[in-house]
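# Structure at a glance
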Amino acid sequence: MTPDKHQLDGIGGFSEKVLPAKQFEELMATAGYTISGSAPAQGGRVKVWWIHLTFRTVESIYSDDKGIVITAYHV
């Protein structure tokens, strides 16, 4: 994951390069984000969009088994 390269509104920065999906999802939910949709992504990965009432939309890319979030950034 590249959270150390991106800051997410309401969450801040990360120092980790890899983050388990469950931990990432808990952080997103605690900050008030909800999943708005998902779609297949390149290489068998899964793309997930997160929305918030006041923060910008986040796009996250999960591993093919949805166990790890590879990256997350504002769109």
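Here is a short report on the structure shown in this document. (Residues numbered from 1 in each chain as written. Predicted model: local features only at pLDDT ≥ 70, side-chain atom pairs only at ≥ 80, totals over all residues. Heavy atoms only, no water.)

### A look at the overall build of the protein chain
Scanning the protein chain from terminus to terminus reveals 1 helix and 5 strands. Taken from the N to the C terminus, the helices and strands of the protein chain come in the order β-α-β-β-β-β. Relative to the globule expectation of 11 Å for 75 residues, the C-alpha radius of gyration of the protein chain, 11 Å, shows essentially globular dimensions. Considering the protein chain as a whole, with its 75 residues, one finds that 32% of them fall into the buried category. (Helix = DSSP H or I, 4+ residues; strand = E, 2+ residues; numbered from the N terminus. Rg over C-alpha atoms; globule rule 2.2 N^0.38 Å. Buried < 20%, exposed > 50% of the residue type's maximum accessible area, 1.4 Å probe, protein only.)

### Quick word on the environment of Glu26
Checked against the element boundaries, Glu26 lands in helix 1 (residues 21–30). For Glu26, a relative accessible area of 44% translates into the label partly exposed. Measuring from C-alpha to C-alpha, the distance between Glu26 and Leu8 comes to 14 Å, with 18 residues separating the pair along the chain.

### Let's talk about the side chain of His74
Here His74 lies in strand 5 (residues 68–74). Looking at His74, its side chain comes within polar contact range of the main-chain nitrogen of Asp9, at 2.9 Å. Of the polar contacts made by the side chain of His74, one reaches the backbone oxygen of Thr57; its length is 3.3 Å. Ignoring any residue separated from it by four or fewer positions in sequence, one finds His74 in contact with Gln7, Leu8, Asp9, Tyr33, Arg56, Thr57 and Val58. (Polar contact = N/O pair within 3.5 Å; in protein donor to acceptor, adjacent residues only side chain to side chain. Contact = heavy atoms within 4.5 Å.)

### A look at the nonpolar core
Counting residues in hydrophobic clusters, the biggest one holds 15 residues, and the most contacted among them are Leu8, Phe24, Met28, Tyr33, Trp50, Val58 and Tyr62. Contributions of two or more residues to this core are made by helix 1, strand 3 (46–51), strand 4 (58–62) and strand 5. The contact partners of Trp50, leaving out residues within four places of it in the chain, are Phe24, Glu25, Met28, Tyr33, Thr34, Ile35, Ser36, Thr57, Val58, Ser60 and Tyr62. (Core = buried A, V, L, I, M, F, W, Y, C linked by side-chain atoms within 4.5 Å.)

### Quick notes on unusual backbone geometry
For Lys66, which is not a glycine, the phi torsion comes out positive at approximately 60°. Looking at the secondary structure, you find Lys66 in the loop between strand 4 and strand 5. For Lys66, a relative accessible area of 42% puts it in the partly exposed group.

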